[in-house]
Amino acid sequence: LARQVSNFFFLLHQCEENPMRCEKNGNNDRMIPYKKIRSSSPDEEKVEAFHEWIANLYDAYGPGSPQQYLFGSKGHGNEEYSTFNGTQTSWLVDERGDTIVVKEVFKLEDSLERVTEAIPCLASKSVVVVNETPKYPPLSSFRGNERTNRIMQEVFDVDYRNFGYEV
């Protein structure tokens, strides 16, 4: 859930700054509701818009869809692989989709201290943050929607299992 919430507000902010980022050839394939909701909207509206976005993505790119990867991100060329979909696991597996090929995975909710211990250069003051996600309501305010919870559990089941998330 944390990844999708962060992703939603990052994309919303990007669309607000430059609508062409979301409307390539008149196609808002990530379905960002930037014309309906703004980063400055009240928190309740942001939470509601997020849940609508998840439902819309699921209806368009749910499991089995050839473009399922759009539920999680743009393809960035990886969509040519049969193992690629909307999950984080699909970014980390071999060409058969059987084996995770990275040594360590850092979750969005991991502490910066844990990450910088493993990757010391990230602790440097010289690291420049290029894309910063704007502030959004606390993650706990997104947890209560049953449909979103079911969708997240279905779409990201493999991530729940591989990375120890609680269902």
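Residues numbered from 1 in each chain as written. Predicted model: local features only at pLDDT ≥ 70, side-chain atom pairs only at ≥ 80, totals over all residues. Heavy atoms only, no water.

## Brief notes about unusual backbone geometry
Threshold: Only DSSP runs of H or I with at least four residues qualify as helices, and only runs of E with at least two residues qualify as strands; both kinds are numbered from the N terminus onward.
Within the chain, Met31 stands out as a residue other than glycine whose phi angle is a positive 60°. Residue placement: Met31 occurs in the loop between α1 (2-17) and α2 (43-61).

## Some remarks on α2
Applicable threshold: One fewer than the residue count of a helix, multiplied by 1.5 Å, yields its expected span. Think of it in three bands: residues with accessible area under 20% of the maximum for their type are buried, residues over 50% are exposed, and the middle band is partly exposed, with areas taken using a 1.4 Å probe on protein chains only. Should any heavy atoms of two residues lie within 4.5 Å, those residues are counted as being in contact.
Taking 1.5 Å per residue, 19 residues should reach 27 Å; α2 reaches 26 Å between its end C-alpha atoms and fits that length. Along α2, the residues classified as buried are Lys46, Val47, Ala49, Phe50, His51, Trp53, Ile54, Ala55, Leu57 and Tyr61. Where α2 is buried, its residues meet α1 and α5 (146-155).

## Some remarks on the pattern of salt bridges
Spelled out, the test is: Salt-bridge detection follows one rule: a side-chain nitrogen of Lys or Arg within 4 Å of a carboxyl oxygen of Asp or Glu.
Using the criterion set out here, one finds nine salt bridges in the structure. Here Glu17 ties to Arg21 by a salt bridge, and the two come within 3.5 Å at their closest N and O atoms. Classification of Glu17 as exposed rests on a relative accessible area of 52%. Members of the salt-bridge network, linked through shared partners, are Asp94, Glu95, Arg96 and Asp98.

## Description of the state of the cysteines
The following threshold applies: We call a pair of cysteine sulfur atoms a disulfide whenever their separation is within 2.5 Å.
Under the counting rule described, the total for this entry stands at one disulfide. Note on cysteine connectivity: Cys15 is disulfide-linked to Cys22, with sulfurs 1.4 Å apart. The sign of the S-S torsion, about -60°, decides the handedness of the disulfide formed by Cys15 and Cys22: left-handed. Each member of the pair, Cys15 as well as Cys22, carries the same accessibility label: buried.

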